[in-house]
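# Fold and geometry: a report
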Amino acid sequence: MQIYGATQLHGAQSLQGPHWNRSTTPASSTQAADTVEFSAAAEAALSAADGGDFRADLVARVKAQIADGTYDTADKMAMAFDSMLDEMA
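About the criteria used
- Position numbers for residues count from 1 along each chain, tracking the sequence in the order it is written.
- The predicted nature of this model means local features are confined to residues of pLDDT at least 70 and side-chain atom pairs, given and counted, to a pLDDT of 80 or more, with totals for whole chains, interfaces and linings taken over all residues.
- For side-chain calculations, the full set of non-hydrogen atoms in the structure is used, while hydrogens and water are omitted.
- The helix and strand labels rest on DSSP assignments: H or I over at least four residues marks a helix, E over at least two residues marks a strand, and numbering proceeds from the N terminus.
- Only protein chains enter the calculation, and the probe is 1.4 Å; a residue is then buried if its accessible area is under 20% of its type maximum, exposed if over 50%, and partly exposed in between.
- Computed with a 1.4 Å probe, the accessible areas rest on the Shrake-Rupley method; for each residue, only the protein chains presented here act as cover.
- Pairs were defined over the aromatic rings of Phe, Tyr and Trp, the Trp ring being its six-membered one, requiring ring centres within 6.5 Å. Orientation was assigned from the angle between planes: stacked under 30 degrees, edge-to-face over 60, tilted for the rest.
- For a ring to carry a charge above it, either NZ of a lysine or CZ of an arginine must fall within 6 Å of the ring centroid while also lying within 35 degrees of the normal to the ring plane.
- The residues that make up patches have over 30% relative accessible area and no salt bridge, and they are joined within 9 Å when like-charged or within 5 Å when they are Val, Leu, Ile, Met, Phe, Trp or Tyr.
- For salt bridges, the criterion is a side-chain nitrogen of Lys or Arg within 4 Å of an Asp or Glu carboxyl oxygen.

### Quick word on the overall build of the protein
What the protein contains, in helices and strands, is 3 helices and 2 strands. Mapped from its N terminus to its C terminus, the protein presents α and β elements in the order β-β-α-α-α. Expressed as a percentage of the 89 residues in the protein, the buried residues total 0%. Summed over its atoms, the accessible surface of the protein is roughly 8,600 Å², and 58% of this surface lies on carbon and sulfur atoms.

### A closer look at the packing of aromatic side chains
Tallying each qualifying case throughout the model produces 0 aromatic pairs. One cation-aromatic arrangement involves K76 over Y71; the distance from NZ or CZ to the ring centre is 4.0 Å.

### Points about a nonpolar patch on the surface
Taken together, the side chains of F81, M84, L85 and M88 present a nonpolar region at the surface, about 420 Å² in accessible area. With relative accessibility at 44%, the residue F81 sits in the partly exposed group.

See below:
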């Protein structure tokens, strides 16, 4: 469809007009195929998203401890703090 101003309106036109320069011969099949390479991190993320290897019993236990408020203990916090200080030194 072409619109020329507010008063001239032409209907739909064929795609086979002079502006259509597509070749009628099929494309060559000698083109190289696309390839994709995934990093190790992407492979690990994909495995985790697919429900990769994990210990369901450990996950359930930790979730229960967090819900009960018994997961974060003074000893665990002290170990985490000491580890952080060791990395900073």
